[in-house]
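Spelled out, the chains give:
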Amino acid sequence: MLRWRGLDDIPAGWGRCVVTIGVFDGIHRGHAQLIAAATKAAAERGVPSVLMTFDPHPSSVVRSGAYPPQLSTLRRRAELAEELGIDVFCVIPFSPTLSAQSPEDFVHSVLVEELHAAEVVVGDNFTFGHKALGDVPRLRELGERFGFEVTAIKLFGEHAVTYSSTYIRSCVAAGDVELAAEALGRPHRVEGVVVHGERRGRDLGFPTANVAPPEHTAIPGDGVYAAWFTVLDSATEPEGITIGARYPAAVSVGTNPTFSGRVRTVEAYVLDVSADFYGQHVAVDFVSRLRGMEPFDSIDALIAEMNNDVERTRTLLGAE
């Protein structure tokens, strides 16, 4: 899969293609429907499929820094798009200039002049252009004028739920990672670099990897979770760990109320593994919420509950 950053990366002599447009945060099951339609149309036409996304999130530009929690990094989006068969992952830098373009200018300058779109695949609630004045009917009118077809897809899932990143963010924020996974088609992932923490877990007999995610990451609500832990890439492989393999972990998200903590952290206790994860780029895939975050009257009570968390994690992920 080709990866472009901006329209200047389009090679000379680029021909027709099928384009699907959106932020695609999370590449959820609704996005998968769009991508499937785009790759099928591209195959039928004998042209490449292009996924166009934006960075930063358009809301952060249009609404003066109102940055919604991100369900996936750009790199993760690209990986998932490639798995689904996309030929080109094109990231358009979103700027005030771009947000000020009229729907007609955006279509003519980007879809027609640069990408030479033969067909555009979008969700049926797709909007574009200055103040989101463009919609699917307007896109179809412009398609007739400039010579491309438009396919709009309803992103409905099971139980009449519309798949959307907004819905999934609300599930994640509430700690309902099971519902989030149902809409995503896989567990919600938080990536980050392992940094030094307070070392309380080690003192309690549960050494944890303190994961520092990028800014604006969608982090599940406070609580303890069963999750999969993966070292994504590393110059040196941690002892006893295979890069890319997943390991069961009990993960605490919150401020450690028993110790009157104030900083919200994501701490993963990787079961049956003794390794130095400091500095590693890792992923935590949240599978199930075990309990809420609560203060305990004694350290012994906390340790007993942590042992229970570990056994429940072992049972849940072993069954999976």
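Notes on the structure in this doc start here. (Residues numbered from 1 in each chain as written. Predicted model: local features only at pLDDT ≥ 70, side-chain atom pairs only at ≥ 80, totals over all residues. Heavy atoms only, no water.)

Turning our attention to the overall build of the protein chain. Regarding its fold elements, the protein chain presents 10 helices and 12 strands. Summarising its shape, the C-alpha atoms of the protein chain cover approximately 70 × 35 × 35 Å along the three principal directions. A total of 320 residues make up the protein chain; the buried ones form 47% of that total. A separation of at least 24 residues holds for 73% of the contacts in the protein chain among residues at least 6 apart in sequence. Carbon and sulfur atoms make up 50% of the accessible area of the protein chain, which amounts to about 14900 Å² in all. (Helix = DSSP H or I, 4+ residues; strand = E, 2+ residues; numbered from the N terminus. Buried < 20%, exposed > 50% of the residue type's maximum accessible area, 1.4 Å probe, protein only. Contact = heavy atoms within 4.5 Å. Areas by Shrake-Rupley, 256 points an atom, 1.4 Å probe, with all protein chains shown as cover.)

Moving on to the environment of T230. Along the chain, T230 falls in strand β9 (residues 223-233). According to the relative accessible area criterion, T230 is buried, its value standing at 5%.

On to helix α8 (residues 177-184), then. Taken as a whole, α8 has its buried residues at V177, A180, A181, A183 and L184. All buried residues of α8 fall inside an arc of 165° around its axis, so they share one side. Where α8 is buried, its residues contact α1 (29-45), α7 (165-173), β7 (188-195), β9 and β12 (281-291). One or two residues past the end of α8 sits G185, with phi positive at roughly 90°. (Arc of directions from axis to C-beta.)

What is expected of a backbone is that most residues other than glycine have negative phi and most peptide bonds are trans. Of note, the bond from D55 into P56 is cis; its omega dihedral lies within 30 degrees of zero at 0°. As for its position among the elements, P56 is in the loop between β3 (49-55) and α2 (58-62). At F24, a position not held by glycine, the phi torsion is positive, near 60°. By the secondary structure assignment, F24 is in the loop between β2 (17-21) and α1. For F24, a relative accessible area of 2% gives the class buried.

It is worth spelling out the nonpolar core at this point. Counting 30 residues, the largest nonpolar core has I21, M52, L111, L115 and L139 as the members making the most contacts within it. Sorting the residues of this core by element identifies β2, β3, β4 (88-93), α5 (103-112), β5 (117-123) and α6 (136-146) as the ones contributing at least two each. The element that contributes the greatest number of residues to this core is α5, accounting for 5 residues. Among all residues touching M52, those that are not within four sequence positions of it are V19, T20, I21, G22, F24, C90, I92, F106, V110, L111 and L115. (Core = buried A, V, L, I, M, F, W, Y, C linked by side-chain atoms within 4.5 Å.)

The 6 strands are arranged β7-β8-β11-β10-β9-β12 in a closed barrel whose pairing can be described as antiparallel. Pairs of neighbouring strands in the sheet enclose a mean axial angle of 45°, with direction left out of account. With 3 bridges joining them, β7 and strand β8 (residues 209-212) adopt antiparallel strand pairing. Opposite V193, over in β8, you have A212 as the bridge partner. This element, helix α3 (residues 74-83), spans β7, β9 and β12 of the sheet and lies at about 135° to β7. Relative to β12, α8 is tilted by about 125°, and along the sheet it contacts β7, β9 and β12. (Pairing = 2+ DSSP bridges. Axes fitted to C-alpha atoms, helices over the stretch in contact; angles between N-to-C directions.)

On to the sheet that holds β5. The strand order across the open sheet built from 6 strands is β1-β4-β3-β2-β5-β6, with neighbouring strands paired in parallel fashion. Because the sheet does not close on itself, it has two edges, and the strands there are β1 (2-5) and β6 (149-153). On average, adjacent strands in this sheet sit at an angle of 20° to one another, irrespective of strand direction. In this sheet, β6 lies alongside β5 in parallel orientation, the contact comprising 5 bridges. Along β6, the bridge assignment pairs G123 with I153.

Another point: the environment of V253. Assignment of secondary structure puts V253 in strand β10 (residues 246-254). Separated by 32 residues in sequence, V253 and G221 place their C-alpha atoms 7.1 Å apart. Beyond its immediate stretch of four places on either side in the chain, V253 contacts I219, P220, G221, D222, G223, Y225, R264, T265, V266, F286 and M293.

Okay, α7 next. Those residues of α7 that sit buried are S165, I168, R169, C171 and V172. Down the axis of α7, the buried set is contained in an arc of 160°. They therefore lie on one face. Relative to its buried face, α7 has exposed residues pointing more than 90 degrees away, namely T166 and A173. The inward-facing, buried residues of α7 contact α1, α8 and β7.

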